[in-house]
Amino acid sequence: MPSNITGREMANMVGQVLKRHKIIFHEDKLPPKGLGHNKALHITVQYEDYVITRILIDRGSSVNICPLVTLKKLGKGLHEIKYGEINVKAFDSSQRFTIDEIVLCLQMGPTWFDVDFQVIDVPASYNLLLGRPWIYVSRAVASTLHQAVKFE
């Protein structure tokens, strides 16, 4: 440590750096029902010229899911996806095989993310599902309570 900086000054500088990188969800930003809501966390993203709504953020999912119907709405054909069949457990505990994998470049706020999706042919209440693989790679922190996603 340089002799012209005291221990207290160094601790203050380190504290300021850590403070700038802290992610905080404030109570005054809760949805209208406050702590009483039971909503899943959905976001909206941009993909090329498409705005995709009802993107479900699910920290319990070990894969990112793109329903086949969404893929078709985005103008993508099966010839554009790579083979990657895996067995996944659906919300109703049934076992399903994915059709293939596809990488979609999604814009969230000012940032673009290349997201690997497993394509599956199931009826879904969401257009895309972002699970732990995306959460970890993007370093996202999701709060279902605050209905918000923040990035490191």
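Trainee: Lay out the pairing of strand S7 (residues 111-120) in plain terms, naming residues and giving numbers.
Mentor: Taken together, the 3 bridges between strand S3 (residues 65-67) and S7 define a ladder with parallel strand orientation. Bridge assignment links Cys66 to a residue of S7, and that residue is Val119. Adjacent in sequence and paired antiparallel, strand S6 (residues 100-108) and S7 are bridged by 2 residues, among which Gly109 carries a positive phi angle near 65 degrees.

Trainee: Any chance you could break down the environment of Val149 for me, citing the residues and the numbers?
Mentor: When you line up the elements, Val149 lands in strand S10 (residues 148-151). Those residues in contact with Val149, other than ones at most four positions away along the chain, are Leu41, Ile43, Ile57, Trp134, Ala140, Val141 and Ala142.

Trainee: How would you explain unusual backbone geometry if you had to name every residue and give the values?
Mentor: Positive phi is not limited to glycine here, since Glu48 has a value of about 50 degrees. With respect to the helices, strands and loops of the structure, Glu48 is situated in the loop between strand S1 (41-47) and strand S2 (50-57). Unusually for a residue other than glycine, Arg139 sits at a positive phi of about 60 degrees.

Trainee: Please give an account of the environment of Tyr50 that cites residues and values.
Mentor: Following the sequence through the fold, Tyr50 ends up in strand S2. When its relative accessible area of 34% is taken as the criterion, Tyr50 is described as partly exposed. Through-space distance from the C-alpha of Tyr50 to that of Lys73 is 9.3 Å; in sequence the pair is 23 residues apart. With sequence-adjacent residues up to four places away left out, Tyr50 is seen in contact with Val45, Lys73, Leu74 and Gly75.

Trainee: Which residues make up the packing of aromatic side chains, and what values go with them?
Mentor: Throughout the structure, instances matching the rule amount to 1 aromatic pair. Aromatic side chains Phe113 and Trp134 sit 6.0 Å apart centroid to centroid with 80 degrees between the ring planes, which places their arrangement in the edge-to-face category. Taken together, the residues Phe113 in strand S7 and Trp134 in helix H3 (residues 132-138) connect sequence positions 21 residues apart. Summarising the burial analysis for this pair, Phe113 and Trp134 share the class buried.

Trainee: How would you sum up the nonpolar core? Please name residues and give values.
Mentor: In terms of nonpolar packing, the biggest core is built from 25 residues, with Leu106, Phe117, Leu130 and Trp134 touching the most fellow members. Contributions of two or more residues to this core are made by S1, S2, helix H2 (68-73), S6, S7, strand S8 (128-130), H3 and strand S9 (140-143). Contact partners of Trp134, with chain neighbours within four places excluded, come to Ile57, Asn64, Met108, Phe113, Val115, Ala140, Val149 and Phe151. Membership of the second largest hydrophobic core comes to 7 residues, among which are Leu56, Ile65, Ile120 and Tyr126.

Calculation rules
Here the residue numbering is sequential within each chain, running from 1 through the sequence in written order. Side-chain atom pairs in this predicted model are given and counted only at pLDDT of 80 or more, local residue features only at pLDDT of at least 70, and totals for whole chains, interfaces and linings cover all residues. Neither water nor hydrogens contribute to the side-chain values; these are computed over all heavy atoms in the structure. The pairing criterion is simple: DSSP has to find at least two bridges between the two strands. In DSSP terms, a helix is any run of H or I states spanning at least four residues, a strand is any run of E spanning at least two, and both are numbered starting from the N terminus. Throughout, a contact is declared for two residues whenever any of their heavy atoms are within 4.5 Å. Partly exposed residues are those whose accessible area sits between 20% and 50% of the maximum for their type, while under 20% is buried and over 50% is exposed, using a 1.4 Å probe and protein chains only. Aromatic rings from Phe, Tyr and Trp, taking only the six-membered ring of Trp, are treated as a pair when their centres fall within 6.5 Å; an angle between ring planes under 30 degrees marks them as stacked, one over 60 as edge-to-face, and anything in between as tilted. Among the buried residues, those of types Ala, Val, Leu, Ile, Met, Phe, Trp, Tyr and Cys that are joined through side-chain atoms within 4.5 Å form a nonpolar core.

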